[in-house]
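# Coordinate inspection notes
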Amino acid sequence: MEFIAPELLAYCEEHSSCEDDLLQYIKRETYAKVLMPRMLSGHLQGKTLELLVKMLNPKTILEIGTYTGYSGICLARGLGKNGKLITLDINDELETMVRGFFEKSGLSSQIDYRLGNALEIIPTLESNFDMVFIDADKSNYIQYYNLVVERVNSGGIIIADNVLWSGKILVEEGKKIDKDTQVILDYNRMVQNDPRVENVLLPIRDGLMLARKL
């Protein structure tokens, strides 16, 4: 999932604002207690999300895929005092852990953490969004995008994680493509050809596609 030399990555982290004690604690707990800990956003991506929020000053953020709350806390830290993060996840086994992390962050009053199927929850949400972060099951990336794109305010952005898919998007001729890789390829192509947005794919961690609503 990392596409630069470890030495360069370390240099980038050393020259980015520090990962504080709470985020380090969440990372340790995730790696110690949760399956597939590499799904955690991590230092560089987390700080990137936080700074994007601070620069864009969104009032309402939708996060699809909470996992253990690392990215949610980074997003919420960028919000103004009246801003709100709605974060959705289907895994109720992590609920106690995640709510505990949100409480420790001091931001729980600005975080609306909901459990359930995002495809069912999103249509019930009343507000439009200034930012959406998609980081859930890859099979539904296109459905998530289609559910939110018309509800993103002009100038708002949709961020999708894992769009480089560990390099699998570079398909060798004649090689069979697995379903998740095909979805990512289709997602990237869809965003690239969507006249409603302007976009850039950033090679941060496993790839972030930023699409700004026109």
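See above for the structure.
Predicted model only: the values in this text are computed from it and were never measured. (Residues numbered from 1 in each chain as written. Predicted model: local features only at pLDDT ≥ 70, side-chain atom pairs only at ≥ 80, totals over all residues. Heavy atoms only, no water.)

## Description of a nonpolar patch on the surface
- On the surface, a cluster of nonpolar side chains totalling about 270 Å² of accessible area is made up of Phe3, Ile4 and Leu8.
- Assignment of secondary structure puts Ile4 in the segment before helix H1 (6-14). (Patch = residues over 30% accessible without salt bridge, like charges linked within 9 Å, V, L, I, M, F, W, Y side chains within 5 Å. Areas by Shrake-Rupley, 256 points an atom, 1.4 Å probe, with all protein chains shown as cover. Salt bridge = Lys/Arg side-chain N within 4 Å of Asp/Glu carboxyl O. Helix = DSSP H or I, 4+ residues; strand = E, 2+ residues; numbered from the N terminus.)

## Quick word on the pairing of strand S1 (residues 60-64)
- Taken across its 5 residues, S1 has 5 buried, putting it largely inside the fold.
- Where burial is concerned, the two faces of S1 agree: the one with Thr60, Leu62 and Ile64 and the one with Ile61 and Glu63 are both buried.
- Two elements, S1 and strand S2 (residues 84-89), share 5 bridges in a ladder whose sense is parallel. By the bridge assignment, Ile61 is partnered in S2 with Leu85.
- In this region the chain leaves S1, passes through helix H4 (residues 70-77) and returns to the parallel neighbour S2; the handedness of that crossover is right-handed.
- Note: S1 against strand S4 (residues 129-134), 4 bridges, orientation parallel. Counted as the bridge partner of Leu62 is Val132 from S4. (Buried < 20%, exposed > 50% of the residue type's maximum accessible area, 1.4 Å probe, protein only. Pairing = 2+ DSSP bridges. Right-handed = clockwise from strand over helix to strand, strands pointing away.)

## Details of the nonpolar core
- Formed by 32 residues in total, the largest nonpolar core has its most connected members in Leu62, Ile64, Val132, Ile134, Ile158 and Tyr187.
- If one sorts the elements of this core by residue count, helix H8 (residues 179-192) sits on top with 5 residues.
- Counting residues in each nonpolar core, the second largest holds 30 residues, with Phe101, Leu107, Ile111 and Ile159 among its members. (Core = buried A, V, L, I, M, F, W, Y, C linked by side-chain atoms within 4.5 Å.)

## Topic: empty space enclosed by the protein
- Under the counting rule described, the total for this entry stands at 1 cavity of 30 Å³ or more.
- Estimated volume of the largest cavity: approximately 50 Å³.
- In terms of lining residues, the largest cavity is bounded by Met39, Leu40, Ser41, Gly65, Thr66, Tyr67, Thr68, Gly69, Tyr70, Ser71 and Asp135.
- Residues of the lining of the largest cavity, tallied by class, amount to 4 nonpolar, 6 polar and 1 charged. (1 Å grid on protein atoms, 1.4 Å probe; cavity = no way out; pocket = protein on both sides within 12 Å on 5 of 7 lines; lining within 4 Å. Points joined across faces, edges and corners; volume = space filled by probe spheres on them. Nonpolar A, V, L, I, M, F, W, Y, C, P; charged D, E, K, R; others polar.)

## Considering the layout of surface pockets
- Each pocket or cavity is described by its volume, and for the largest pocket that value is around 760 Å³.
- Surrounding the largest pocket, 32 residues form its lining, Met39, Tyr67, Asp135, Ala136 and Asp137 being those nearest its centre.
- Grouping the constituent residues of the lining of the largest pocket by class yields 14 nonpolar, 7 polar and 11 charged.

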